[in-house]
Amino acid sequence: MNRGTDVAAVRWSLVVLCVLCILGRRERSALADQVDDVLEALPSPTLTCGTEIISELHPFDRTASVLKATPVSVADMPFATGLEIQITETAKYVHWVQLGIRNVEPVQKGDVLFLSFWMQTIRSENDTGEGLVSVAFQKEWDDRAFQTGCAVDCAAGWRRQYVRAVARSDYRPGEATLRFQLGFRPQTIRIADVRLLNFR
């Protein structure tokens with residue numbers, strides 16, 4: 001695709017998607033259902049971390065003693081499986097408890113990235129009563145394409161989350177990692193249908 005007008009159009013389309021996500025999180029609205037329609041109208045993206053992210057997410061070394069990740073079946077949703085994540089202790093730093101997966105496709109500086117996933121909170125000891133996760137895609141600590149926090153209330157059920165960003169560096173396959181950082185207070189959350197799209 002032309003990396004001028006076409007990229008600008010993709011960026012604005014993804015801004016619209018993020019607005020739909022914000023509105024859709026507040027109530028179960030038909031707005032959230034429009035997201036896939038908008039995505040289908042955009043140029044075909046590259047799946048930066050492949051198609052099996054949920055099954056291939058792995059814990060970081062420091063994480064094993066306080067995190068348990070279990071595949072679960074999901075009914076009445078656009079996806080059939082998810083990953084239930086239990087955090088048993090509060091970590092000193094949020095990034096000390098992580099699940100991650102490396103990129104399998106290259107990313108070029110200026111590429112438009114769009115992360116989409118579903119999240120549900122089963123229980124939470126966080127002050128707000130919400131399940132919390134910080135999501136990042138990065139090569140090194142000082143070279144992040146994005147990092148943002150997501151929160152879902154226990155009563156909210158499944159909620160779709162979106163993150164839009166523009167790559168600030170080139171990443172060869174295996175150089176960058178999609179990270180779910182979970183070192184908050186004890187909680188149990190579920191994530192599903194994780195997709196990191198690259199609209200070049």
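Residues numbered from 1 in each chain as written. Predicted model: local features only at pLDDT ≥ 70, side-chain atom pairs only at ≥ 80, totals over all residues. Heavy atoms only, no water.

Remarks on the nonpolar core
In step 1: Counting 38 residues, the largest nonpolar core has Phe-117, Phe-137, Phe-146, Leu-178 and Ile-191 as the members making the most contacts within it.
In step 2: Membership of the second largest hydrophobic core comes to six residues, among which are Val-72, Val-74, Phe-79 and Trp-158. (Core = buried A, V, L, I, M, F, W, Y, C linked by side-chain atoms within 4.5 Å. Buried < 20%, exposed > 50% of the residue type's maximum accessible area, 1.4 Å probe, protein only.)

Notes on the pattern of salt bridges
In step 1: Inspection of every chain in the model, using the stated rule, returns six salt bridges.
In step 2: Among the ionic pairs, Arg-190 bridges to Glu-84, the shortest N-O distance being 2.7 Å. Of this pair, Arg-190 sits in strand β11 (residues 187-199) while Glu-84 sits in strand β4 (residues 81-87), and the two are 106 residues apart along the sequence.
In step 3: Between Arg-123 and Glu-125 there is a salt bridge, and its shortest N-O distance comes to 2.7 Å.
In step 4: Accessibility expressed as a relative area gives 43% for Glu-125, which makes it partly exposed.
In step 5: Within this structure, Lys-139, Arg-172 and Glu-175 form a network of salt bridges that share partners. (Salt bridge = Lys/Arg side-chain N within 4 Å of Asp/Glu carboxyl O. Helix = DSSP H or I, 4+ residues; strand = E, 2+ residues; numbered from the N terminus.)

Things to note about the confidence of the model for the protein chain
In step 1: Per-residue pLDDT for the protein chain averages 78, and the proportion of residues at 70 or more is 73%.
In step 2: Predicted confidence in the protein chain is weakest over helix α1 (residues 5-26), with a mean pLDDT of 51, and strongest over β4, with 93.
In step 3: Low pLDDT, under 50, characterises residues 1-5; the predicted model gives this stretch 12 contacts beyond four residues in sequence or across chains. (pLDDT = per-residue confidence, 0-100. Contact = heavy atoms within 4.5 Å.)

Section: the packing of aromatic side chains
In step 1: Tallied over the full model, the rule gives six aromatic pairs.
In step 2: The interplanar angle of 75° and the centroid separation of 5.1 Å between the aromatic rings of Phe-79 and Trp-158 together place this pair among those described as edge-to-face. Residue Phe-79 is located in the loop between β3 (67-73) and β4, and its partner Trp-158 is located in the loop between β8 (143-153) and β9 (159-166); the two are separated by 79 residues in the primary sequence. Each of the two residues, Phe-79 as well as Trp-158, counts as buried.
In step 3: Among the aromatic residues, those joined into a ring-pair cluster are Phe-79, Trp-118 and Trp-158. (Phe/Tyr/Trp six-rings, centres within 6.5 Å; stacked < 30°, edge-to-face > 60°.)

What about the environment of Ser-124?
In step 1: Note on placement: Ser-124 falls in strand β6 (residues 112-124).
In step 2: In this structure Ser-124 comes out as buried when scored by relative accessible area, which is 19%.
In step 3: C-alpha separation for the pair Ser-124 and Gln-187, spaced 63 residues apart in sequence, amounts to 4.2 Å.

A closer look at the environment of Arg-160
In step 1: Assignment of secondary structure puts Arg-160 in strand β9.
In step 2: Between the alpha carbons of Arg-160 and Phe-117 there is a distance of 5.8 Å; along the sequence they are 43 residues apart.
In step 3: A distance of 3.4 Å separates polar atoms of two side chains, one belonging to Arg-160 and the other to Ser-116.
In step 4: Looking at Arg-160, its side chain comes within polar contact range of the side chain of Tyr-162, at 2.8 Å. (Polar contact = N/O pair within 3.5 Å; in protein donor to acceptor, adjacent residues only side chain to side chain.)

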